[in-house]
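# Structural overview for review
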Amino acid sequence: MKTKLLVMAMMIIGALGGCAAHSSDSVEEGCDVFETKDGTTVKMYCIKHGSVRMQVGDKWIYVDPVTTAVKPETDYSTLPKADYILVTHEHFDHLDSVAISQLTKQGTVLITNARCHDLLGGKGDVMANGYSRTLAEGWTVDAVPAYNNSPDKLQFHPKGRDNGFVLTVEGMRIYIAGDTEDIPEMADIKDIDVAFLPCNLPYTMTPEQCAHAATMIQPTVLFPYHYGQTDIQQVVKLLEGSNIDVRIRDYQ
């Protein structure tokens, strides 16, 4: 049974600056707010490209934080320190040792694949496809496949190397796909409340593939992300009438 999501569009003004759940043409930082079945608030902030940050209660989660390799430049030293950092794979727009250093505090848990672990000089806990880990009471993370299966894209993300992640927090299930196409394994990813799916040619999915992936997964809310110069409104059109809430944020 999917977590019932109580979605609120709101403006939050405080020490960390303002954020709003905004329309696709907004230039403000995006913040989408959800509530788990036990009343825990989950805030999802759009940073850029493939970089996401989430606040669950008083805990902070960052996915693929990047400073200068993707514009605009992000200074993570000005943001809350991470309780958990998830890195999907080794490419420069996903793995950034500077961002990781800026976010790390005593007790930060860094989860990577084997290749990222090596590139970071042995830092991070390695998870391979199919592995599951308990992060805290009521919190788990599963590493799931992320790869290219089109003949002309196999060199970008080979099967078995990179991760997507399914994060379960207080019963809410969040799928961060990483760099992947609409692979058959997605049919096994169930009961997803929020999904992040890439749509960036020539490296990941076409709009048609992204829409197909969404129909396999059937998330309640879909954030197409890591979309570069793709006309991302095509995904919205392809999923019209699907009962999937497609939200476009500034993940270019």
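Described in the following lines is the structure provided in the data block.

With that settled, the discussion passes to the packing of aromatic side chains. Going through the model one piece at a time under the given rule, you end up with eight aromatic pairs. Look at Tyr45 and Trp60: their rings are 5.7 Å apart centre to centre, the planes differ by 40°, and that puts the pair in the tilted class. Here Tyr45, found in strand β4 (residues 41–48), pairs with Trp60, found in strand β6 (residues 59–63); they are 15 residues apart in sequence, far enough to count as distant. With respect to class, Tyr45 is no different from Trp60; both count as buried. Taking the centre distance of 4.9 Å and the plane angle of 70° together, the rings of Phe156 and Tyr203 count as edge-to-face. Here Tyr203 lies in the loop between β14 (194–198) and α3 (207–217) and Phe156 lies in the loop between β11 (139–146) and β12 (162–169), a separation of 47 residues in the sequence. Exposure remark for Phe156: the relative accessible area of 19% places this residue in the buried category. Three or more aromatic residues joined by ring pairs form one cluster here, namely Phe196, Phe223, Tyr225 and Tyr251.

Right, let's talk about the pairing of strand β8 (residues 109–112) for a bit. Side chains Val109 and Ile111 project from β8 onto one buried face, and the interleaved Leu110 and Thr112 project onto a second face that is buried too. Two strands pair when backbone bridges link them, and strand β7 (residues 84–86) and β8 are joined in this way by three bridges, in the parallel orientation. Looking across to β8, one finds that Leu86 is bridged to Ile111. One crossover worth recording links β7 to the parallel β8 by way of helix α1 (residues 97–103), and it is right-handed. Inspection of the sheet shows β8 paired to strand β9 (residues 125–126) by two bridges, in the parallel sense. Across the sheet, the residue bridging to Ile111 is Asp125, located in β9.

The next subject is the layout of surface pockets. Summary: where empty space remains is shown by rolling a probe the size of a single water molecule over the atoms. Size it by volume and the second largest pocket reaches roughly 200 Å³. Taken together, His49, Ala69, Val70, His91, Phe92, Asp93, Phe156, His157, Asp179, Asn200, Tyr203 and His226 form the lining of the second largest pocket. Here the residues of the lining of the second largest pocket sort into five nonpolar, five polar and two charged.

Cut-off values and rules
Residues numbered from 1 in each chain as written. Predicted model: local features only at pLDDT ≥ 70, side-chain atom pairs only at ≥ 80, totals over all residues. Heavy atoms only, no water. Phe/Tyr/Trp six-rings, centres within 6.5 Å; stacked < 30°, edge-to-face > 60°. Helix = DSSP H or I, 4+ residues; strand = E, 2+ residues; numbered from the N terminus. Buried < 20%, exposed > 50% of the residue type's maximum accessible area, 1.4 Å probe, protein only. Pairing = 2+ DSSP bridges. Right-handed = clockwise from strand over helix to strand, strands pointing away. 1 Å grid on protein atoms, 1.4 Å probe; cavity = no way out; pocket = protein on both sides within 12 Å on 5 of 7 lines; lining within 4 Å. Points joined across faces, edges and corners; volume = space filled by probe spheres on them. Nonpolar A, V, L, I, M, F, W, Y, C, P; charged D, E, K, R; others polar.

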